[in-house]
Amino acid sequence: MELPYSEPYKIKMVESIKRSTKEQRLKWIKKANYNLFNLSSENVFVDLLTDSGTGAMSDKQWAEMMIGDESYAGSSSFLKLKKTVKKITGFKYFLPTHQGRAAENVLFSALVKEGDFVPGNSHFDTTKGHIEFRKATAVDCTIDEAFDTSIIHPFKGNVDLSKLEDVFKSHPKEKIPFVILTITCNSAGGQPVSVKNTREVSELCKQYGIPLYFDAARYAENAYFIKKREAGYENKTIKEIVKEVFSYGDGMTISAKKDGLVNMGGFIALNNKAVFKQATVFNIMYEGFITYGGMNGRDMGALAVGLDEATEFNYLESRVEQIAHLGKKLVEYGVPVLQPFGGHAIFLDANKFVPKIPREEYRAQALAIELYIVGGIRGVEIGTVLADRDPFTRKNRFPDLEMVRLAVPRRTYTNNHMDYVAACLKNIFDTREEAKSGYEITDEAPIMRHFTVKFKKI
Ligand code: F0G
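Trainee: How should the packing of aromatic side chains be read in this particular structure?
Mentor: Within a pair of aromatic rings, the relevant descriptors are the distance that separates the centres and the angle that separates the planes. Throughout the structure, instances matching the rule amount to 20 aromatic pairs. When the ring of F214 is compared with that of F246, the centres are 5.4 Å apart and the planes differ by 80 degrees; the resulting orientation is edge-to-face. Taken together, the residues span a long stretch of sequence, with F214 in strand β6 (residues 212-215) and F246 in helix α9 (residues 238-247) at a distance of 32 residues. Like F246, F214 is buried. Aromatic side chains F353 and F429 sit 5.2 Å apart centroid to centroid with 80 degrees between the ring planes, which places their arrangement in the edge-to-face category. Residue F353 is located in helix α13 (residues 350-353), and its partner F429 is located in helix α16 (residues 415-430); the two are separated by 76 residues in the primary sequence. With respect to burial, F353 and F429 carry one shared label: buried.

Trainee: Teacher, can you tell me more about the nonpolar core here?
Mentor: Counting residues in each nonpolar core, the largest one holds 58 residues, and the members touching the most others are I183, F214, Y219, F246, M252 and F267. Contact partners of F214, with chain neighbours within four places excluded, come to F91, I180, L181, I183, T198, V245, F246, G249, G251, M252 and T253. Counting 49 residues, the second largest nonpolar core, distinct from the first, contains I29, L348, A368 and L425.

Trainee: Can you help me understand a nonpolar patch on the surface in this one?
Mentor: On the surface, a cluster of nonpolar side chains totalling about 320 Å² of accessible area is made up of V281, M285 and Y286. Counting through the fold element by element, Y286 comes out in helix α10 (residues 273-286).

Rules and cut-offs
Residues numbered from 1 in each chain as written. Predicted model: local features only at pLDDT ≥ 70, side-chain atom pairs only at ≥ 80, totals over all residues. Heavy atoms only, no water. Phe/Tyr/Trp six-rings, centres within 6.5 Å; stacked < 30°, edge-to-face > 60°. Helix = DSSP H or I, 4+ residues; strand = E, 2+ residues; numbered from the N terminus. Buried < 20%, exposed > 50% of the residue type's maximum accessible area, 1.4 Å probe, protein only. Core = buried A, V, L, I, M, F, W, Y, C linked by side-chain atoms within 4.5 Å. Contact = heavy atoms within 4.5 Å. Patch = residues over 30% accessible without salt bridge, like charges linked within 9 Å, V, L, I, M, F, W, Y side chains within 5 Å. Areas by Shrake-Rupley, 256 points an atom, 1.4 Å probe, with all protein chains shown as cover. Salt bridge = Lys/Arg side-chain N within 4 Å of Asp/Glu carboxyl O.

Following this line, the structure appears as structure tokens:
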């Protein structure tokens, strides 16, 4: 008999979570203006809002917390992190930031100007936000297969090279500061990018003289998929794959809250000295001195250990296969989910799940609310609400996919929790015919509205 995978750790400390009744949840979600971000986490049973900063640190990371060096300049924790970043990514220069969007803010302040175009695979919302805030345009060049939730393709995060070349051909080089490749591609469903595609994108970029940067929040999960799915990589270690992938680029930004296995942190790493110098100025202005950049010494120490642990195969196998465990259960129940399953989350296809709720009434948001009411489970809408309004016409943008993301924190929940989530969804799916109306927005911010938007039930 083939042995199943199992977690390469045992549990040393537990945190209680509270069950509640449906009546309580109906009251709480109404009070939260039907925005799941407004719920108090105490009132959530299984929190799948995000895998960002919500994971469990190891005993070795906690040990680093105790010996963190909090010196303002040149702390030993910084030097530990610097060494690990060099070892894992291969990039020459490194700037710590307090999280991923801060890294974007610093790097884009140095590189992106009004009227620029920044092509890539589906940009994450903060990345797009930082581009659009500078009156530049994010151009999505993801392969078409990514937009059909039922097509099985091993690397749905890949860039369509002809779409990318069209962008290169239709704008002068000075208007394209860089290409950004998000690994894994969160907005396309946590889907990986292959080494082959990365290499081809890199070659095309070189041909047109345009730098290539990575948004590397889930770089380790991306490498796991490469090892499992790309010919020629089955015998390489995760660390070797990671190094090769990064070797095709000029630099990266990262939210360390994901594959850094820490609760807070981020950084920029790159090869170009001139860009590093420019970014340093913004880092000091926005984040802090270059040897801490918004992070505590202890957090930098924990991140150094986290980067090492996150690039170990056994950890990644239990991580990614836990998501697949949830996905397989849902498929067994007939629940429409994006396939192949993502590396950090399962995405419910709301267009197929609740097609009778009009898109104008935010059907994916309606499904996310229902999941909370039925099971106390918090997911997040990745659809029309998140897509925001067009910055120029101010009309709602209707993306191809309307999804609810169930992002699983790292090393936090057991497969029993996953089974509980699957059972709640089965019950909702069995009564889906009753869902005909959704929600109306009563208040929203001009950009990144999903965090604070308020709804009314229709
Ligand atoms: N890039 C990607 C691909 C991300 O998924 C995120 C965050 C960021 C950048 C920004 O990083 O939050 O540290 O500032 N994603 C979280 C999520 C919020 O829930 O997917 P941050």
